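Structure at a glance
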Amino acid sequence: MISKDVHLAAKWLKENQIVAIPTETVYGLAANIYSDEAIKKIFETKGRPQNNPLIVHIASKEQVYNIASKIPEKAKILIDKFWPGPLTLVLPKKETISNTITSNKDTVAIRMPNHPVTLELLKLLDFPLAAPSANPFGSISPTAAIHVENYFKDKIPMTLEGGNCTKGIESTIIGFEEEKPVLYRLGSLSLEAIENEIGTIKVNNFEEKTPSAPGMMLKHYAPKTPIIISQNITKSIKNYNNKKIGLLLFNSKYDCTTIVHQEILSKNSDLNQAASNLYAAMHRLDKLELDIIIAEQFPNNDLGRAINDRLFRATK
């Protein structure tokens, strides 16, 4: 059920149910962080591996002190600059935070989302929400309420309607190792913007067995249709000339009559707009019963780096 009723969403969450919520990045599958019963429903509904930790969503910057036991100085700088927004920080956790959320780690991922509907919801609750993306594990993330409904239908009591997600890809995740910042996941806040605030950041964004943060597993964000990344679209089309092909492109269409469908992410070559449109375009292509999706490789800077990361994981 899709509904705009924030109070109804709060009611379900207080009853230890899970509810899909909108954020500026993607829709999340949310539950009370202090209810292991509710948190386990997230893992079961998504089919999410137990070793993949969840992100805690808070209503205010001050709430981070209720969740984290220690906050490095550089983390404080990032909180002041980028919250609310698409930045998740991995920090030492307080003992009150369940090991189910953190996958038995002594750190917890935290962010303050920048979406008016979910901030309103969080302020109605006396607990923060754990919320990974509202999709079956490994599938394309949802950026509209209908994407969530198509995935889960009657498996969850409610999807809180909040419109299309403006950022369109997940939050960037930064952790700290010996108080030095480490990037665990590329996302909709660029690495360049973060480094402008706190200096050079080590990148460590792949980990299969014991990921330090969500989104580090190699295969992720994937359509059912096979997908490849190409630096030469014309050549790739020729390689699949007997197949039903869909194209996922940055800024312009290809003049080719054999292509079933083409998705242009930003006619203005705007990487922010391309990121915002990425998952919705992948959802549309995945419905067309194609043999192959050929995705154009993006410029590997700013948000182009995060888009390429999502496309790369989708090919695995």
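Above this text is the structure in question.
Just so it is clear, the model here is predicted, and its values are computed rather than measured. (Residues numbered from 1 in each chain as written. Predicted model: local features only at pLDDT ≥ 70, side-chain atom pairs only at ≥ 80, totals over all residues. Heavy atoms only, no water.)

If you tally the helices and strands in the chain, you get 11 helices and 15 strands. A globule of 316 residues ought to have a C-alpha radius of gyration of about 20 Å, and the chain, at 19 Å, matches this closely. The principal-axis extents of the C-alpha atoms in the chain amount to approximately 60 × 45 × 35 Å. The burial tally for the chain puts 57% of its 316 residues in the buried class. Contacts in the chain between residues at least 24 apart in sequence constitute 67% of all its contacts with a sequence separation of at least 6. About 13,500 Å² of surface is accessible on the chain, with carbon and sulfur atoms providing 47% of the total. Across the chain, the 38 positively charged side chains and the 34 negatively charged ones have centroids separated by 4 Å. (Helix = DSSP H or I, 4+ residues; strand = E, 2+ residues; numbered from the N terminus. Rg over C-alpha atoms; globule rule 2.2 N^0.38 Å. Buried < 20%, exposed > 50% of the residue type's maximum accessible area, 1.4 Å probe, protein only. Contact = heavy atoms within 4.5 Å. Areas by Shrake-Rupley, 256 points an atom, 1.4 Å probe, with all protein chains shown as cover. Lys, Arg positive; Asp, Glu negative; His and termini not counted. Charge placed at Lys NZ, Arg CZ, Asp CG, Glu CD.)

So, about the pairing of strand β3 (residues 28-32). Where burial is concerned, most of β3 is hidden: five out of the five residues are buried. Where strand β2 (residues 19-21) lies against β3, three bridges are found, and the strand directions are antiparallel. Bridging from a neighbouring strand, I21 pairs with G28 of β3. Pairing analysis gives two bridges linking β3 to strand β7 (residues 129-130), with the strands arranged antiparallel. Paired with A31 across the bridge in β7 is A130. (Pairing = 2+ DSSP bridges.)

Take the nonpolar core next. The biggest cluster of nonpolar side chains holds 90 residues, and the ones touching the most others in it are L89, L121 and L248. With eight residues, helix α10 (residues 271-286) is the single largest residue contributor to this core. For L248, the contacting residues outside a window of four places in its chain are E263, L265, L278, A281, M282, L285, I293, I294, A295, E296 and L311. Core analysis: the next-biggest nonpolar cluster, separate from the first, contains nine residues, I233, I237, I259 and I292 among them. (Core = buried A, V, L, I, M, F, W, Y, C linked by side-chain atoms within 4.5 Å.)

Of all the positions in helix α1 (residues 6-14), only V6, A9, A10 and L13 are classed as buried. The arc that holds every buried residue of α1, seen down its axis, measures 100°, which confines them to one face. Contacts from the buried residues of α1 go to β2, β3, α6 (116-124), β7 and β8 (159-160). Two to three positions downstream of the cap, the backbone nitrogen of H7 sits 3.1 Å from a side-chain oxygen, assigning the N-cap of α1 to D5. Directly after α1, the chain includes N16, whose backbone phi takes a positive value near 65°. (Arc of directions from axis to C-beta. Polar contact = N/O pair within 3.5 Å; in protein donor to acceptor, adjacent residues only side chain to side chain.)

With that settled, consider the side chain of E296. In this fold, E296 is placed in strand β15 (residues 292-296). Here E296 sits buried without a salt bridge, and the closest side chain of opposite charge, K253, lies 13 Å off (N-O distance). In this structure the side chain of E296 is engaged in a polar contact, spanning 3.0 Å, whose partner is the backbone nitrogen of F250. Not counting residues up to four positions away in its chain, the partners in contact with E296 are S230, I233, L248, L249, F250 and L311. (Salt bridge = Lys/Arg side-chain N within 4 Å of Asp/Glu carboxyl O.)

Here the focus is the sheet that holds strand β12 (residues 227-230). Spatially, the four strands line up as an open sheet ordered β12-β15-β13-β14, and their pairing is parallel. One side of each edge strand has no neighbouring strand; the edge strands of this open sheet are β12 and β14 (261-264). Each neighbouring strand pair of the sheet contributes to a mean axis angle of 20°, computed without reference to strand direction. Relative to β15, strand β13 (residues 245-249) is paired through four bridges, and the arrangement is parallel. Across the sheet, L248 pairs through a bridge with A295, a residue of β15. Lying over the sheet, α10 contacts β13, β14 and β15, oriented at roughly 175° with respect to β13. Each of β12, β13 and β15 is contacted by helix α11 (residues 303-314), which is oriented at about 135° to β12, the strand it contacts most. (Axes fitted to C-alpha atoms, helices over the stretch in contact; angles between N-to-C directions.)

Packing of α1 against α6 leaves a shortest axis separation of 9 Å and a crossing angle of 50°. If you check the angle between α1 and α6, you find them oblique. In this structure, the crossing between α1 and α6 has a hand that is right-handed. Residues V6, H7, A9, A10, L13 and K14 of α1 pack against V117, E120, L121 and L124 of α6. (Parallel < 35°, antiparallel > 145°, perpendicular 65-115°, else oblique. Left-handed = near helix turned anticlockwise from the far one by under 90°.)

Before going further, it helps to examine the environment of S3. Along the chain, the position of S3 falls in strand β1 (residues 2-3). Setting aside residues up to four positions removed in sequence, S3 forms contacts with M158, T159, L160 and E161.

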